Amino acid sequence: MGLFWFAVSLWSCCGPFVSLHLGGETSEVSHPGDVMIGGLFPIHKQVSSKETHGPITNCSDVDVTMLIRAQAMIYAIEKINELQYLLPNVSIGYKIYDTCGDVSIAIRGTLKLLEQSHGNQNMCPLLEETPGTGAEGVKVVIGERDSETSAAVARLLALPKVAQISYASTSELLSSKLKFPSFLRTVPSDKQQTKAMAEFVREQKWDIVGIIGSDDEYGKYGSETLIDLFTQIKACIAFKEVLPAEFTQNEALTRIELDKIFKNIQTHPTEAIVIFTKTRNVKAILEEAVKRRVHRTWLASDSWSISTEISGLNNITQIGRVIGFISKRNVIPDFKKYVHQLVSQKRKSTGDSFLLNYLSRYPMCSHALEEDDRDSPSLCESSDSGQKCLQLHCLRNSIDHDESYSVYLAVNVIAHALNSLLECNNRDGCKGNTPFPAWELLQEIKKVNTTVDGNTHIWFDENGDPSTGQEILEWNIEGSKVNISSIGEYDTSGTIKLHSNHSMDNSIETNCSKSCEPGYELKQSNTSCCKTCHPCKDKLYSNGGEAECQACPSDQYASPKKDCCLQKEITFLTWGDGLVIALVVFDSLGAVLTVLVGVLFTVQRSTPIVKAAGGYLCFLALLSLLVCFASVAVGLSEPSDVTCMIQVPLFLLAFTLCISCILANLLQVFVGFSFRVTMTSALKSLNRPAVVICVCFGVQVLLCSLWLILNPPNKITLNDHETQIIIACCKGSMFLSIAMFLYVCLLSVVCFIFAYNGRQLPDLYKNARYVAVSMLVYLVMCILFLPFYMTSFNKYRQGIQACALMVTTYSVLICHFGPKCYIMLFKKDLNNESAIAEYIRNHYNQKSIRVLSS
């Protein structure tokens, strides 16, 4: 791209020069000075005909506002030269060209500005080694207005490193110092403007927007940045239209594009439409909006926010609300008075100007117009005695406070940079020499950090962008006229501040849902930006309006209508529950039966059946069973840290003691009836009931102690249930709790093996057989209990555990002690030594083993 513009530059300079025909008007104005400043202003709005070779290019349609802006540059220069406070003995001159809003004409004007002081117009200034070093050489250029034109000019000025300060070009592309190293501006870039727009949309809670841009440096990058920013704030882009570069130059193309734009506007509901393009494109769009009676909210970029050409269109008040964004404005001191004196010939300008040239062709009108018509731009040129004249009010209304002030700032920035470069002070004047390389001034401009007129602080960042913020405007309808007023600002910190006396009505009618009934949330459709109401999913709720469905706090649950959260019920087993009552009855019955069995065994303690059951071991086993029943009762009340620590550990200890007693008794039986020498000697070493019980029980005590010390069971609150908060016991250390259960299972398996193998022994009371059944019941209960316990997450989980413990205790009580009680009570004839001896003799006779009688 750079080589392309370089080639264009060489052709424009060294090829045949194309003259401008401006209908009797001049294409440039100038005034000499020690330091020359260039200016590029689109005084004319359009080019009527343009030929590549030849002859004449016609510019038409004078823009009175641009006349004033060019005059603002001259005014600022005259003021600095007159006051002499910045440059005591140095004067600033100017050379300003009319670009007619055309890129090629702007390039030619730029090349003219870069001509050497020797005045040889046949030389190409870009081929000189040190362009702009002569006394009359231009050191800096103010302009151009349009971003696309400024980009073309910036590529030329980058070669000789001549500073360029634009007063209106806002394209973000121009911030690239790799492409445009000498470009600066006194207006913020589109990056800040687009951020202000996106933040405004976010604060107004608008969800659906449309974007109209254009395929040029200004509209292309601005609209693309807006898309990224709107996506970040989750605003849906209903449509995006990019106008071709020749949008207004071809009637057929204009009609096609306008039909496409308004089809999108009418078929896609939007809360705001951003128009980010040149003024002439905006004019065509809004004229069509008036014709089609389209009423919307429009967001205006700085190119047309305060354009009197747009705000003065016929019936423009019918298009709806317009919110504009421009750089922060200010008033040029005494400029309005200066212009009034200039046009009334009470004051003479020190140099030539486009405004004076225009007034020479169209003098001020001698009569006044009606007050109601004074704001129409079409009346700038009126008729007075059959001759065209200029209305004073139109000239006065063209004095704006944005671009004119930006031009004024640019001149002041240059003056402050010159003050530093030339080492000026009020006492000694300026010590530096005025013939200096342009790049030196460029470096000084980049360093400027000053306050102009005591109210505007300006400095440039590394991209050449200024430190000013954005002003937010609104077009107020007053009858058939538009009054543009400030409603707030966007500062450099990224905050929107609306004026306290202004309230925004952000309610915009669309066919889309903006709020929902409680229990529903807004969701965007896959085919459009419209949001519709959808019911909340299970376990979620919504208060309605714009709220999204969300989960309730852990201690609450969504109501059936999903419109609010209800408090979960805190549940646990209480003494009034049916399951608890049943468990208490059976548990109490078990405890009573255990006591009765103990009484019966005490009465019959000297009988053979009690001795065969282990003697004193029976009482220790019965005591452990009684503790098991007691531990079951502990777990039937509201869980607490104490009850959680007692129930399961106490049961496992007691049940381990009971099984240890049974195992010791089985070993006694095996030793008594075993006749194999090797087996007998091995079993005799284990036939020490007290040692067996202490060892077996001691291992469990050790495991239990570690469990209670390291990570004991404790009370927990379970919020996983949909409508309830369940208070239960947590096992604490899962490893140690499982270890204790597995240890009991191991002892049960050992007992079962001994009991199963002992079924062939001459045991009149079938002790081994019933022990095997009780151990088998325990093992089966463990297998059945675990799935129920692990899958149950309600208050009955505690009851299931208590039930399993109680059934296990009953199995031992009934299977181990039940048959013995039956014999003591109903088969007393078997409870004597002779019956036992006879049973053993018959058993061994059947096996052909001789039994000696005493």
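Reading the values: rules and limits
Residues numbered from 1 in each chain as written. Predicted model: local features only at pLDDT ≥ 70, side-chain atom pairs only at ≥ 80, totals over all residues. Heavy atoms only, no water. Helix = DSSP H or I, 4+ residues; strand = E, 2+ residues; numbered from the N terminus. Contact = heavy atoms within 4.5 Å. Axes fitted to C-alpha atoms, helices over the stretch in contact; angles between N-to-C directions. Parallel < 35°, antiparallel > 145°, perpendicular 65-115°, else oblique. Left-handed = near helix turned anticlockwise from the far one by under 90°. Nonpolar A, V, L, I, M, F, W, Y, C, P; charged D, E, K, R; others polar. Pairing = 2+ DSSP bridges. Disulfide = S-S within 2.5 Å. Buried < 20%, exposed > 50% of the residue type's maximum accessible area, 1.4 Å probe, protein only. Core = buried A, V, L, I, M, F, W, Y, C linked by side-chain atoms within 4.5 Å. Arc of directions from axis to C-beta.

Caption draft 1: Up close: the overall build of the chain. Each helix and strand in the chain was counted, giving 24 helices and 32 strands. Considering only residue pairs separated by 6 or more positions, the chain has 69% of its internal contacts joining residues 24 or more positions apart.

Caption draft 2: Main features of the packing of helix α17 (residues 616-634) against helix α20 (residues 689-710). As a packed pair, α17 and α20 sit with axes 12 Å apart at the nearest point and diverge in direction by 20 degrees. Here α17 is positioned roughly parallel relative to α20, judged by the angle of their axes. Two packed elements cross with a definite hand, and for α17 against α20 that hand is right-handed. In this structure, α17 contributes Tyr 616, Leu 617 and Leu 620 to the contact, and α20 contributes Pro 689, Ala 690 and Ile 693. For the contact of α17 with α20, the class distribution of residues is six nonpolar, no polar and no charged.

Caption draft 3: How the structure looks around the sheet that holds strand β31 (residues 714-718). Taken together, the three strands give an open sheet; going across it, the order is β30-β32-β31, and neighbouring strands pair in mixed fashion. The open sheet has two edge strands with one neighbour each: β30 (569-571) and β31. Adjacent strand axes in the sheet meet at a mean angle of 25 degrees when their direction is disregarded. Pairing of β30 with strand β32 (residues 724-730) involves three bridges; the strand directions are parallel. Within β32, the residue paired with Thr 571 across the bridge is Ile 726.

Caption draft 4: Inspection of the pairing of β31 at higher detail. Pairing of β31 with β32 involves five bridges; the strand directions are antiparallel. Bridged to Ile 716 within β32 is Ala 728. Following β31, the chain reverses through five residues before pairing antiparallel with β32.

Caption draft 5: Here's a closer look at the state of the cysteines. Per the stated rule, a full pass over the model turns up six disulfides. The partner cysteine of Cys 536 in its disulfide is Cys 549, sulfur to sulfur 1.9 Å. Disulfide Cys 536-Cys 549: the torsion about the S-S bond is -80 degrees, which places it as left-handed. Placement of Cys 536 in the loop between β25 (531-535) and β26 (540-541) and of Cys 549 in the loop between β26 and β27 (550-551) is noted, with a sequence separation of 13 residues between them. Both residues of the pair, Cys 536 and Cys 549, count as buried. Note on cysteine connectivity: Cys 552 is disulfide-linked to Cys 565, with sulfurs 2.0 Å apart. Across the S-S bond of Cys 552 and Cys 565 the torsion is about -95 degrees, and the bridge reads as left-handed. Of this pair, Cys 552 sits in the loop between β27 and β28 (556-558) while Cys 565 sits in strand β29 (residues 565-567); the two residues are 13 residues apart in sequence, bridging distant segments of the chain. Here Cys 696 stays free of any disulfide, with the sulfur of Cys 751 as its closest cysteine sulfur at 8.1 Å.

Caption draft 6: Inspection of the nonpolar core at higher detail. Ranked by size, the top nonpolar core spans 67 residues in total, and within it Phe 41, Met 73, Leu 87, Phe 335, Leu 418 and Ile 445 carry the most contacts. Dropping the residues within four chain positions of it, Phe 335 is found in contact with Ile 68, Gln 71, Ala 72, Tyr 75 and Ile 399. Membership of the second largest hydrophobic core comes to 63 residues, among which are Phe 655, Leu 657, Leu 667 and Met 824.

Caption draft 7: Region of the structure containing helix α10 (residues 335-343). Taken together, the buried positions of α10 are occupied by Phe 335, Tyr 338, Val 339, Leu 342 and Val 343. The buried residues of α10 occupy an angular sector of 120 degrees when the element is viewed end-on, so they sit on one face.

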